[in-house]
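Structural overview
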Amino acid sequence: ILMKIITIIGARPQIIKAAALSRAISTSFSNEITELIVHTGQHYDQNMSEVFFDELRIPKPTINLNIGSGSHGKQTALMIEEIEKILVKEQPKALVVYGDTNSTLAGTIAASKIHIPIIHIEAGLRSFNKRMPEEINRIMCDHASTLLFSPTKSGYQNLINEGFKEQNKSPFTSDRPGIYHCGDVMYDNSLYFSELSAKTSTLIEDLDLTKNKFILATVHRNDNTDVKENLTAIFESFINIAKNHNETIVLPLHPRTEKMLISVLANDLYKEVLSNPNIKIIEPVSFLDMIALEMHSKMIITDSGGVQKEAFFFKKPCIILREETEWVELVECRSAKIVGTNKSFFIEAYLEFKNNSSLKFPKLFGDGKAAEFICKQLLKSI
Ligand code: UD1
Ligand code: UDP
């Protein structure tokens, strides 16, 4: 008899993460596990959602709730209401949620109240900054979950520090949850999709970029986009290296940031960004194109969680536009530097990375088989 699970996705990185588990199920566990994918519709633009299903061969979501954007409370509440209906109707054996978005939180609240076991993939990560909406989402989700899969040792340790017990044994419950350190499904994905990207992506040529001569940047974190001084400092830093160091910067722009550049940035600065020939602002790209940009860049500047790690997977130095990171290993290895929105820290990090070719990228994110491990544990323990 097949184990039926429901997977909740909603934001771009969750759609990509889900590809790893769906792939593991269809290649190795299709006789044992059946997955129903529910998309909350948190992200809905073609290039923030649809594009990934086709190229990553993720089964199309059977249900799209089309919740869309909104304030945290409203968006999360609408999702909870709809997810609850589906869970009641479908009665899955477990609910799988990823990461730390409002879609993760909504799935967690809906399932926990009707006693459907929650499987949290990417558990245990902490920024220790509760002003981040994501930090609240993660903590709530971890503490309602039955199986918690942490991609890193530090994430696993965070769980233990919060009272989770290593010695708990199956059968697990939300009061006696099981915790695992299992590697990162995104590492599985970057191994799997980098070959496909090399074969199919033409973006480097299309944008007329020279391999290993450009910098890739992404910005979308609310602290950076919604606070005028922060957004200003970040774009002044971009202009500085584009102008004074003749760097080409490729910036696939998140729709949130696109809106904020227009409404938050001073008009003169916005014009200067747009007219600088070394700053190439492009629409969000597909995952295979993103991998091509990451693999062929010489440095990555980002506030994204996923992109920080992919910089490491593809052995690129990374400047982190945040005050802290959940992926502390990257900073400990010294291949990534936290600069926040401080312009002097930014330029120091840039100069150091530019002149340093001896960075180290040890294996920290598993063996590329995290998704298989998760499927096996699911079958054993739920
Ligand atoms: C969300 C997650 C964040 C994650 C990010 C990944 C939360 C609280 N935040 O942030 O953790 O890193 O996704 O990308 O869940 N918009 C569009 N089209 C879209 C999607 C969004 O135009 O398809 C615009 C809307 O103006 C929207 C804004 O972007 O209000 C923010 O979208 P939202 O999903 O609320 O948060 P993100 O900033 O994307
Ligand atoms: N990504 C993508 N196209 C883009 C920007 C990012 O495919 O234009 C991918 C990126 O490679 C990574 C994931 O989206 O796998 C990261 O998502 P995002 O930065 O939106 O969110 P975060 O990881 O910060 O939650």
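Cut-offs used in this document
Residues numbered from 1 in each chain as written. Chains lettered and ligands numbered in written order. Predicted model: local features only at pLDDT ≥ 70, side-chain atom pairs only at ≥ 80, totals over all residues. Heavy atoms only, no water. Near = heavy atom within 4 Å. Polar contact = N/O pair within 3.5 Å; in protein donor to acceptor, adjacent residues only side chain to side chain. Areas by Shrake-Rupley, 256 points an atom, 1.4 Å probe, with all protein chains shown as cover. Helix = DSSP H or I, 4+ residues; strand = E, 2+ residues; numbered from the N terminus. pLDDT = per-residue confidence, 0-100. Salt bridge = Lys/Arg side-chain N within 4 Å of Asp/Glu carboxyl O. Nonpolar A, V, L, I, M, F, W, Y, C, P; charged D, E, K, R; others polar. Buried < 20%, exposed > 50% of the residue type's maximum accessible area, 1.4 Å probe, protein only. Pairing = 2+ DSSP bridges. Patch = residues over 30% accessible without salt bridge, like charges linked within 9 Å, V, L, I, M, F, W, Y side chains within 5 Å. Lys, Arg positive; Asp, Glu negative; His and termini not counted. Charge placed at Lys NZ, Arg CZ, Asp CG, Glu CD. Expected span 1.5 Å × (residues − 1). Arc of directions from axis to C-beta.

**Focus on the site of ligand 1**
Taken together, 20 residues form the shell around ligand 1, and within it His43, Asn102, Glu134, Arg256 and Lys259 come nearest. One of the side-chain nitrogen or oxygen atoms of Gln42 is found 2.9 Å away from an oxygen atom of ligand 1. At a separation of 2.6 Å, an oxygen atom of ligand 1 approaches a polar side-chain atom of Glu134. Contact with the protein chains covers 88% of the free accessible surface of ligand 1, which is 740 Å². Here the element with the most residues in the shell around ligand 1 is helix H11 (residues 255-263); it accounts for three residues.

**Examining the confidence of the model for the protein**
Of the residues in the protein, 100% have a pLDDT of 70 or more, and the chain-wide mean is 97. Mean pLDDT per element in the protein: helix H2 (residues 50-56) is the minimum at 92, and helix H4 (residues 102-113) is the maximum at 99.

**Comments concerning the pattern of salt bridges**
Applying the stated criterion across every chain yields a total of 19 salt bridges. Through salt bridges with shared partners, a single ionic network connects Asp100, Glu135, Arg138, Arg322, Glu324 and Glu326.

**A closer look at the site of ligand 2**
The immediate surroundings of ligand 2 are formed by 19 residues, with Arg221, Val285, Ser304, Gly306 and Glu310 found nearest. His220 places a side-chain nitrogen or oxygen 3.5 Å from an oxygen atom of ligand 2. Taking Val285, its main chain carries an N or O atom lying 2.7 Å from a nitrogen atom of ligand 2. Counting only elements with at least two residues in the shell around ligand 2, the list comes to helix H1 (12-28), helix H13 (287-296) and helix H14 (305-313). Examining the composition of the shell around ligand 2, we find that four residues originate from one element, H14, more than from any other. The residue makeup of the shell around ligand 2, split by class, is ten nonpolar, five polar and four charged.

**Considering the pairing of strand S9 (residues 248-252)**
Taken across its five residues, S9 has four buried, putting it largely inside the fold. Two elements, strand S8 (residues 214-218) and S9, share three bridges in a ladder whose sense is parallel. Residue pairing for S9: Phe214 is matched across the bridge by Thr248. Pairing analysis gives four bridges linking S9 to strand S10 (residues 279-282), with the strands arranged parallel. Note that in S10 the partner of Val250 across the bridge is Lys280.

**Observations concerning a positive patch on the surface**
On the surface, Lys363, Lys369, Lys376 and Lys380 cluster together into a patch of positive charge. As for its position among the elements, Lys380 is in helix H17 (residues 370-381). Classification of Lys380 by relative accessible area gives exposed; the value is 63%.

**Observations concerning H17**
The end-to-end C-alpha distance of H17, which contains twelve residues, comes to 16 Å, matching closely the 16 Å that a straight helix rising 1.5 Å per residue would cover. Regarding H17, the residues found buried are Ala370, Ala371, Ile374, Cys375, Gln377, Leu378 and Ser381. Axial view of H17: buried residues confined to an arc of 165°, hence all on one face.

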